[in-house]
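This is what each chain is made of:
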Amino acid sequence: MIEVVRPGPLATVQDLGRPGHAHLGVPCSGAADARALRLANRLVGNPEGQAGIELTLGGAAFRFHRSAWIAVSGAPAPLRINGRAYGVNAPCPIPADGVVEVGLPARGLRTYLAVRGGLDVESVLGSRSTDLLSGLGPAPLSAGDRLPIGPSSGLRDIEVDVAPVAQPPDVPVLRILPGPRDDWFVPEAISVLCGRPYEVTPDSNRVGVRLDGPKLLRARSREGELGSEGMVTGALQVPPSGLPILFLADHPTTGGYPVVAVVRAADIPLAAQLRPGQRLRFRPAT
């Protein structure tokens with residue numbers, strides 16, 4: 001068992017989500033920065049899709065009742081085990097009754113903790129992920145919660161000492177593909193979107209990143225609004241305010257506002273690490 005001593009601002013259990021249920025209104029969810037969770041799992045010999053803990057702005061502590069191996073990846077945060085500093089992006093041994101503390105990351109937003117064997121919480125529709133929008137999966141972690149660890153028998157040996165990972169950029173650049181509803185906007189809308197930086201607002205969460213910056217003007221009147229249609233992770237939906245919302249892992253499966261462009265899947269990990277007040281830019285994908 002892992003005992004949650006303190007969860008920090010927000011800690012949830014996440015794996016790679018529950019794809020294939022959008023037609024039932026169930027979002028995929030899963031780790032917002034799937035690349036970071038995959039790496040943390042590989043470092044402890046797990047399959048990439050095992051469930052781990054997603055931390056938002058660190059500030060968490062966990063007690064391990066038995067010895068274990070962990071790895072921390074994603075937003076680089078101070079890591080201490082029984083008060084001793086350890087490096088991230090590397091496997092770390094935890095003694096029985098050891099306390100793991102993850103501090104505030106200097107950059108980025110979300111840090112991932114994987115444990116060898118994975119978290120063996122109850123699965124819902126094939127996933128152990130917490131979905132904040134639909135309420136599926138385990139509740140966000142609270143002090144005193146206990147998380148069972150799965151068996152480590154049959155896992156591959158731990159073979160990596162440390163994984164080099166690039167630092168998140170100060171001003172990320174997200175590549176976009178225009179459409180599918182860019183024709184609902186004035187012809188220069190994509191140029192406006194890519195012309196000046198946007199800033200992440202404090203209203204952002206795992207559902208979407210709300211942005212402040214240049215407004216995107218519609219070419220069509222608001223009479224006869226768009227009917228609800230399917231949404232994907234990375235969609236830049238534009239409500240009547242003209243300020244885009246970048247959908248993340250817990251986004252709704254449908255939406256009624258036009259999508260001016262979609263961020264490339266390869267850049268979603270950058271989007272998942274955006275902090276309130278941080279600036280970002282868009283540019284057309286080549």
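Attention in this report is confined to the structure presented alongside it.

1. Section: the pattern of salt bridges
This structure, assessed with the given rule, holds 11 salt bridges. A salt bridge links Glu48 to Arg38; its shortest N-O distance comes to 2.7 Å. Taken together, the positions of Glu48 in the loop between α1 (34-43) and β3 (52-56) and Arg38 in helix α1 put the pair 10 residues apart, joining distant regions of the chain. Glu48 gets classed as partly exposed once you look at its relative accessible area, which sits at 28%.

2. Points about the environment of Arg84
By the secondary structure assignment, Arg84 is in strand β7 (residues 84-86). Among the residues examined, Arg84 registers a relative accessible area of 55% and is labelled exposed. Linking Arg84 and Gly20, residues 64 residues apart in sequence, is a C-alpha distance of 43 Å.

3. A look at the packing of aromatic side chains
Here the structure, examined in full by the defined rule, presents 1 aromatic pair. Taking 5.9 Å as the distance between ring centres and 65 degrees as the angle between the ring planes, the aromatic pair formed by Tyr198 and Phe282 counts as edge-to-face. Pair noted here: Tyr198 is in strand β13 (residues 198-200) and Phe282 is in strand β20 (residues 279-284), with a separation of 84 residues, a long-range link.

4. What about the pairing of β20?
Examined bridge by bridge, strand β12 (residues 173-178) and β20 share 4 bridges and lie parallel to one another. Looking across to β20, one finds that Val173 is bridged to Arg281. As paired elements, β13 and β20 share 2 bridges and run antiparallel to each other. Within the sheet, the bridge partner assigned to Glu199 lies in β20 and is Arg279.

5. Here we look at the sheet that holds strand β5 (residues 68-74)
The antiparallel open sheet is built from 5 strands, whose spatial order is β2-β3-β10-β5-β8. Looking at strand neighbours, the two that pair on one side only are β2 (10-14) and β8 (91-94), the edges of this open sheet. Between one strand axis and the next, the sheet turns by 25 degrees as a mean value, whatever way the strands run. For β3 and strand β10 (residues 110-115), the ladder comprises 4 bridges, and the chain directions are antiparallel. Following the sheet pairing, Glu54 is matched in β10 by Tyr112. Helix-sheet contacts for α1 involve β2, β3, β5, β8 and β10, and the interaxial angle to β5 is about 155 degrees.

Calculation notes
- Per chain, residue numbering runs from 1 following the sequence as it is written.
- Under the rules for a predicted model, residues below a pLDDT of 70 receive no local features and side-chain atom pairs below 80 are neither given nor counted, while totals for whole chains, interfaces and linings still include all residues.
- Only hydrogens and water are removed before side-chain values are computed, so all heavy atoms of the structure are retained for them.
- Any carboxyl oxygen of Asp or Glu that lies within 4 Å of a side-chain nitrogen of Lys or Arg is treated as forming a salt bridge with it.
- Counting from the N terminus, the helices are DSSP H or I runs at least four residues long and the strands are E runs at least two residues long.
- The classification of residues rests on relative accessible area computed with a 1.4 Å probe and restricted to protein chains. Under 20% of the type maximum is buried, over 50% is exposed, and intermediate values are partly exposed.
- To pair, rings of Phe, Tyr and Trp, with the six-membered ring standing in for Trp, must have centres within 6.5 Å; the planes then decide the type, stacked if under 30 degrees apart, edge-to-face if over 60, and tilted in the middle.
- Here, a strand pair is defined by DSSP locating no fewer than two bridges between the strands.
- Between N-to-C directions, angles cover 0 to 180 degrees, with each direction set by a line fitted to C-alpha atoms, over the stretch in contact for helices.
- In this analysis, two residues are considered to be in contact whenever any of their non-hydrogen atoms come within 4.5 Å of each other.

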